[in-house]
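Listed below are the residues making up each chain.
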Amino acid sequence: MKKISVLAFAFALVGFTAQAQEVATENAQQPAQQEQAQQGKQKVAPDELPDAVKQAITTGEEYQGLTLGETYKVQGAEEGAPATYEVQFINGEEQPVVVRFDETGKKIES
């Protein structure tokens, strides 16, 4: 009987630990999503980028050999300011490289 009680306690502990980790992961993701929304940063599909930005990505020699990652549309800080586009590339070392473009496909230097 003692073995059954110990075994039941062990299963309950494992289940509680897994649930706590899941909740912690969800809580960690929410602030990042909220922060992006507050900054006017919206994730978009690569095919939703303006044609000029797509052209700059495909013809730019510096982007050849890089894998296209996530793409974002970033609203201007001031009302009426033009949007910019943030494109993440992954290099051969699995390191993200972020490049920003204006609506005309011109690279924005940071």
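Figured I'd write up the structure that's included with this text. All figures in this text were calculated on a predicted structure; none of them were measured in a lab. (Residues numbered from 1 in each chain as written. Predicted model: local features only at pLDDT ≥ 70, side-chain atom pairs only at ≥ 80, totals over all residues. Heavy atoms only, no water.)

The next subject is the nonpolar core. One finds Val44, Leu49, Val53, Ala56, Ile57, Tyr63, Tyr85, Val87, Phe89, Val99 and Phe101 forming the largest nonpolar core, which totals eleven residues. Of all the secondary-structure elements, those providing two or more residues to this core are α2 (51–59), β3 (84–90) and β4 (96–101). Once residues within four sequence positions are removed from consideration, Tyr63 is found in contact with Ala56, Ile57, Phe89, Val99, Phe101 and Lys107. (Core = buried A, V, L, I, M, F, W, Y, C linked by side-chain atoms within 4.5 Å. Buried < 20%, exposed > 50% of the residue type's maximum accessible area, 1.4 Å probe, protein only. Helix = DSSP H or I, 4+ residues; strand = E, 2+ residues; numbered from the N terminus. Contact = heavy atoms within 4.5 Å.)

Take the pairing of β3 next. Judged by how many residues are buried, β3 sits mostly within the fold: five of seven residues are covered. The pairing of strand β2 (residues 67–74) with β3 spans six bridges and is antiparallel. Note that in β3 the partner of Val74 across the bridge is Thr84. Judged from the six bridges that link them, β3 and β4 form a sheet pairing that is antiparallel. Counterpart to Tyr85 in the pairing with β4 is Phe101. (Pairing = 2+ DSSP bridges.)

What follows deals with the pairing of β4. Between the antiparallel neighbours β3 and β4 lie five residues, among them Glu94 with a positive phi of about 65°. Relative to strand β5 (residues 107–108), β4 is paired through two bridges, and the arrangement is antiparallel. Residue pairing in the sheet places Phe101 in a bridge with Lys107 of β5. Where β4 folds back on β5, the antiparallel hairpin that results is connected by five residues, among which Gly105 adopts a positive phi of roughly 90°.

Here we come to the side chain of Glu86. Here Glu86 is to be found in strand β3. In this structure the side chain of Glu86 is engaged in a polar contact, spanning 3.3 Å, whose partner is the side chain of Arg100. Not counting chain neighbours up to four residues away, the residues in contact with Glu86 comprise Lys41, Glu70, Thr71, Tyr72, Val74, Val98, Val99 and Arg100. (Polar contact = N/O pair within 3.5 Å; in protein donor to acceptor, adjacent residues only side chain to side chain.)

The strands making up a sheet associate through hydrogen bonds between their backbones, and the pairing can be parallel or antiparallel. With respect to topology, five strands assemble into an open sheet ordered β1-β2-β3-β4-β5, the strand pairing being antiparallel. Two strands in the sheet have a free side with no partner beyond their single neighbour: β1 (41–44) and β5.

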